[in-house]
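Here is what each chain is made of, one letter per residue.
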Amino acid sequence: MTQQSKKDHIPVDSAELANLWTSYMNDSMLLRIFQHFRQHLEDPEIQPLLHYAIELSSNHLKKIEEIFNEENIPVPIGFTEDDVDLSAPRLYTDTFVLNYLTNIGKFLANIYTVALANSSRADIRTFYTDCTTSSTNLFNRSMEILLSKGIHSRPPIIPAPKNVEFVQEQSFLAGWFGERRPLTTIEIMDLFFNLKRNELGIWLLTGFSQSAKMEKVREYLVRGKQIAAKHVEIFGSVLRENNLPVSMSADTGVTNSTISPFSDKLMMFHTTALIAAGIGFYGAAAGTSTRRDLSSHFIRLSAEIMKYAEDGANIMIQNKWLETPPQAPNHENSASS
């Protein structure tokens, strides 16, 4: 680096470092999952989409490595070839793979948008702009295939309103006792998509739990599957109370294989990452639900999965699987040494 470039160099700030580190961990995990999918995927419509997802994750890892090397920042270990067994039998069906890619595209588009908004350096903003565009493309392409196959489950359709109305009574906020008002479209949306995310979680954790090597990990994953099933039932019951249909997929998306293609470390990380995302979605839903019973549901269920996440972190710490994110310097320890 020349003297001039050193002078003009803008270091990576803490927010950019946080997002790049998290992106590296997520993409290194996804790459291993996609590689297993590729070994067994049969549907010719989904294959180009999966190849695209693999290419995206690989390119993201290379770009982040370049930035870290330029900044003399240690590249995370993340997940390597040791975390996937490409000789393992198929664990998930083609239908699951398509639904997984759709949800991953949606999830990544969301986190990349936040990462972009929290970035200052031009090259990092360009990186996350490209990431947002590509993940949106992944979602759109996978959604088109879902629709063409007739296996996409849409939210309930309700009659369009005839007039603009304003809330007239405080009872609009009620929900515990007496007559409950109908759900708003915002509440329907939050209930439906949180139900569907938990349904996909059940499929994922079913495959994980039946193939995990360590008993403690298997028990943890089975518990997560039970929690997700309970949340599906709660959200579904609220929708059914309002005579809104909830279509559940008949295809669980999981084979009978008990041989895991993934390390227990990867499965634990993936599970805790899903919990973190779920807490965010539940928090957003609690903030937009004006019926008190609904906001209470989301707050209560958030507390449940936060406890589950803590137990998962403890398992990862005990097995030395939890990689430490970059931290601020500890000035107290520095002063005492």
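Here, the structure is the one placed above.
Residues numbered from 1 in each chain as written. Predicted model: local features only at pLDDT ≥ 70, side-chain atom pairs only at ≥ 80, totals over all residues. Heavy atoms only, no water.

Undergrad: I'd love a proper account of the overall build of the protein, names of residues and values included.
TA: Scanning the protein from terminus to terminus reveals 10 helices and zero strands. Secondary structure elements of the protein, listed N to C terminal, follow the sequence α-α-α-α-α-α-α-α-α-α. Radius of gyration (C-alpha) of the protein: 22 Å, near the 20 Å computed for a compact globule of 337 residues. Considering only C-alpha atoms, the protein reaches an extent of 70 × 50 × 45 Å along its principal axes. Expressed as a percentage of its 337 residues, the buried residues of the protein come to 47%. Summarising the internal contacts of the protein: among those between residues at least 6 apart in sequence, 85% fall at separations of at least 24. When the accessible surface of the protein is totalled, it reaches about 17,800 Å², and 56% of it is carbon and sulfur. Of the charged side chains in the protein, 31 are positive and 38 negative, and the gap between their average positions amounts to 3 Å. (Helix = DSSP H or I, 4+ residues; strand = E, 2+ residues; numbered from the N terminus. Rg over C-alpha atoms; globule rule 2.2 N^0.38 Å. Buried < 20%, exposed > 50% of the residue type's maximum accessible area, 1.4 Å probe, protein only. Contact = heavy atoms within 4.5 Å. Areas by Shrake-Rupley, 256 points an atom, 1.4 Å probe, with all protein chains shown as cover. Lys, Arg positive; Asp, Glu negative; His and termini not counted. Charge placed at Lys NZ, Arg CZ, Asp CG, Glu CD.)

Undergrad: Report on the pattern of salt bridges, specifying residues and quantitative values.
TA: As enumerated under the stated definition, the model contains 11 salt bridges in all. Taking the shortest distance from any N to any O, the salt bridge between Arg90 and Asp94 comes out at 3.0 Å. The same class applies to Arg90 as to Asp94, namely buried. Measuring nitrogen to oxygen at the nearest pair gives 2.8 Å for the salt bridge that ties Asp293 to Arg291. Residue Asp293 shares its accessibility class with Arg291, and that shared class is buried. Within the structure, one salt-bridge network assembled from shared partners comprises Asp43, Glu45 and Lys149. (Salt bridge = Lys/Arg side-chain N within 4 Å of Asp/Glu carboxyl O.)

Undergrad: How would you explain the side chain of Arg32 if you had to name every residue and give the values?
TA: Relative to the helices and strands, Arg32 resides in helix α2 (residues 14-40). One buried charged side chain, Arg32, makes no salt bridge at all; its nearest oppositely charged neighbour is Glu81, positioned 4.9 Å away. Polar contacts involving the side chain of Arg32 include one to the main-chain carbonyl oxygen of Thr80, which spans 3.4 Å. Ignoring sequence-local partners within four residues, the contact set of Arg32 consists of Phe79, Thr80, Glu81, Val84, Phe262 and Leu266. (Polar contact = N/O pair within 3.5 Å; in protein donor to acceptor, adjacent residues only side chain to side chain.)

Undergrad: Could you give an account of the packing of aromatic side chains, with specific residues and numbers?
TA: This model, assessed by the stated rule, comprises 15 aromatic pairs. With 5.5 Å between their ring centres and 85° between their planes, Phe37 and Tyr100 make a pair best called edge-to-face. One end of the pair, Phe37, is in helix α2; the other, Tyr100, is in helix α4 (residues 94-117), with 63 residues separating them in the sequence. Here Tyr100 falls in the buried class, since its relative accessible area comes to 4%. Ring centres of Phe96 and Trp203 lie 6.2 Å apart, and the angle between their planes is 55°; this geometry places the pair in the tilted category. Remark: Trp203 occurs in helix α6 (residues 185-211) and Phe96 occurs in helix α4; sequence separation between them is 107 residues. The exposure class of Phe96 is buried, given its relative accessible area of 0%. Site record: aromatic cluster; members linked through ring pairs are Phe37, Tyr92, Phe96, Tyr100 and Trp203. (Phe/Tyr/Trp six-rings, centres within 6.5 Å; stacked < 30°, edge-to-face > 60°.)

Undergrad: Residues and numbers for empty space enclosed by the protein, please.
TA: Tallied over the entire structure, the rule returns three cavities of 30 Å³ or more. Within this model, the largest cavity holds a volume of roughly 630 Å³. Along the walls of the largest cavity sit 32 residues, with Arg197, Gly201, Leu274, Ile275 and Gly278 positioned nearest its centre. If one sorts the elements of the lining of the largest cavity by residue count, helix α8 (residues 264-288) sits on top with nine residues. For the lining of the largest cavity, a count of residues per class yields 20 nonpolar, 10 polar and two charged. Considering only enclosed or pocket space, the second largest cavity measures out at about 60 Å³ in volume. At the level of secondary structure, the elements contributing two or more residues to the lining of the second largest cavity comprise α2, α3 (47-70), α4 and α5 (122-149). Looking at which element gives the most residues to the lining of the second largest cavity, the answer is α3, with four residues. (1 Å grid on protein atoms, 1.4 Å probe; cavity = no way out; pocket = protein on both sides within 12 Å on 5 of 7 lines; lining within 4 Å. Points joined across faces, edges and corners; volume = space filled by probe spheres on them. Nonpolar A, V, L, I, M, F, W, Y, C, P; charged D, E, K, R; others polar.)

Undergrad: Could you give an account of unusual backbone geometry, with specific residues and numbers?
TA: It is generally the case that most residues other than glycine have a negative phi and that most peptide bonds are trans. The backbone phi angle of Asn243 is positive, close to 55°, even though this residue is not glycine. By the secondary structure assignment, Asn243 is in the loop between α7 (215-241) and α8. Here Asn243 falls in the exposed class, since its relative accessible area comes to 70%. Unlike most non-glycine residues, Lys320 shows phi in positive territory, near 55°. Topologically, Lys320 is positioned in the loop between α9 (292-318) and α10 (331-336). Using a relative accessible area of 75% as the deciding quantity, one classes Lys320 as exposed.

Undergrad: Please provide a residue-by-residue account of the environment of Met143, values included.
TA: Mapped onto the secondary structure, Met143 falls in helix α5. Take Met143: its relative accessible area is 13%, and that puts it in the buried class. The sequence separation of Met143 and Glu310 amounts to 167 residues, and the corresponding C-alpha distance is 34 Å. If sequence neighbours within four positions are ignored, Met143 has contacts with Thr102 and His152.

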